[in-house]
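Chain by chain, the residues run as shown.
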Amino acid sequence: VQLQASGGGLVQAGGSLRLSCAASGVSIRSRYMAWFRQAPGKAREFVAAIKWSSGSTYYADFAEGRFTIARDSAKTTLYLQMSSLKPEDTAVYSCAGSSSVILSSIQDSQYYSDWGQGTQVTVSS
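Residues numbered from 1 in each chain as written. Predicted model: local features only at pLDDT ≥ 70, side-chain atom pairs only at ≥ 80, totals over all residues. Heavy atoms only, no water.

Throughout the structure, instances matching the rule amount to 1 disulfide. The disulfide bridge from Cys21 ends at Cys95, spanning 2.1 Å between sulfur atoms. Of note, the bridge from Cys21 to Cys95 carries an S-S torsion of about 70° and is right-handed in sense. In this pair, Cys21 sits in strand β3 (residues 17-24) while Cys95 sits in strand β9 (residues 91-98), placing the two residues 74 residues apart along the sequence. Residues Cys21 and Cys95 agree in their burial class; the two are buried. (Disulfide = S-S within 2.5 Å. Helix = DSSP H or I, 4+ residues; strand = E, 2+ residues; numbered from the N terminus. Buried < 20%, exposed > 50% of the residue type's maximum accessible area, 1.4 Å probe, protein only.)

On to the nonpolar core. Inside soluble globular proteins, nonpolar side chains tend to come together where they are buried. Counting residues in hydrophobic clusters, the biggest one holds 28 residues, and the most contacted among them are Trp35, Leu78, Leu80, Met82 and Tyr93. Taken together, the elements giving at least two residues each to this core come down to β1 (2-6), β3, β4 (32-38), β5 (45-51), β7 (67-72), β8 (77-82), β9 and β11 (119-124). Among the elements that make up this core, the one with the highest residue count is β3 (4 residues). Apart from residues no more than four positions distant in its own chain, Leu80 is found in contact with Leu17, Arg18, Leu19, Trp35, Val47, Ala48, Phe67, Thr68, Ile69 and Tyr93. Counting 10 residues, the second largest nonpolar core, distinct from the first, contains Ala34, Phe36, Ala96 and Val101. (Core = buried A, V, L, I, M, F, W, Y, C linked by side-chain atoms within 4.5 Å. Contact = heavy atoms within 4.5 Å.)

Relative to the elements of secondary structure, Ser24 occurs in strand β3. The class of Ser24 is partly exposed, set by a relative accessible area of 40%. Sequence separation between Ser24 and Leu3 is 21 residues, and the spatial gap between their C-alpha atoms is 6.7 Å. Discounting residues that sit within four places of it in the chain, Ser24 has contacts with Val1 and Gln2.

Attention now moves to the side chain of Thr119. Secondary-structure assignment places Thr119 in strand β11. Among the residues examined, Thr119 registers a relative accessible area of 10% and is labelled buried. Only 3.0 Å separates the side chain of Thr119 from the backbone nitrogen of Gly8, close enough to count as a polar contact. If we ignore the near neighbours within four places in the chain, the residues touching Thr119 are Ala5, Ser6, Gly7, Gly8, Leu19, Ala91, Val92 and Tyr93. (Polar contact = N/O pair within 3.5 Å; in protein donor to acceptor, adjacent residues only side chain to side chain.)

What follows covers the pairing of β4. The element β4 is extensively covered by neighbouring structure, given that 6 of its 7 residues are classed as buried. Two strands pair when backbone bridges link them, and β4 and β5 are joined in this way by 6 bridges, in the antiparallel orientation. Note on β5: the bridge partner recorded for Arg37 is Glu45. With antiparallel pairing between neighbouring strands as the criterion, β4 and β5 make up a hairpin whose turn holds 6 residues, including Gly41 at a positive phi of roughly 80°. Pairing between β4 and β9: 7 bridges, direction antiparallel. Its bridge partner lying in β9, Arg37 is registered against Tyr93. (Pairing = 2+ DSSP bridges.)

Limitation: the analysis is restricted to geometry and does not speak to function.
In structure tokens form, the structure reads like this:
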């Protein structure tokens, strides 16, 4: 699966952004798709995931209530709607996919085999 992320940018604290991740190559219906982020000097961290077939969603604690992960099955595109952004949300956001991850490991990036190139999100105070 090839993944192409877009939609990052500079936004003021309290603002919103929507990230997109276009998927192509093979069917992603059997996959979990996720967003991860990595801030400078920090480890990559899980943001949110969605089970493509059912639409079930999962969030990191910091994302719950502020971020929404969604998919457009017809367009095979993954989205991350982010609102009430904070300076600490500044990071490179990457989309990822896995056909083998199990629910208990959904936050572990090592189980994702497909990665997009990342898009920078900068939140100014």
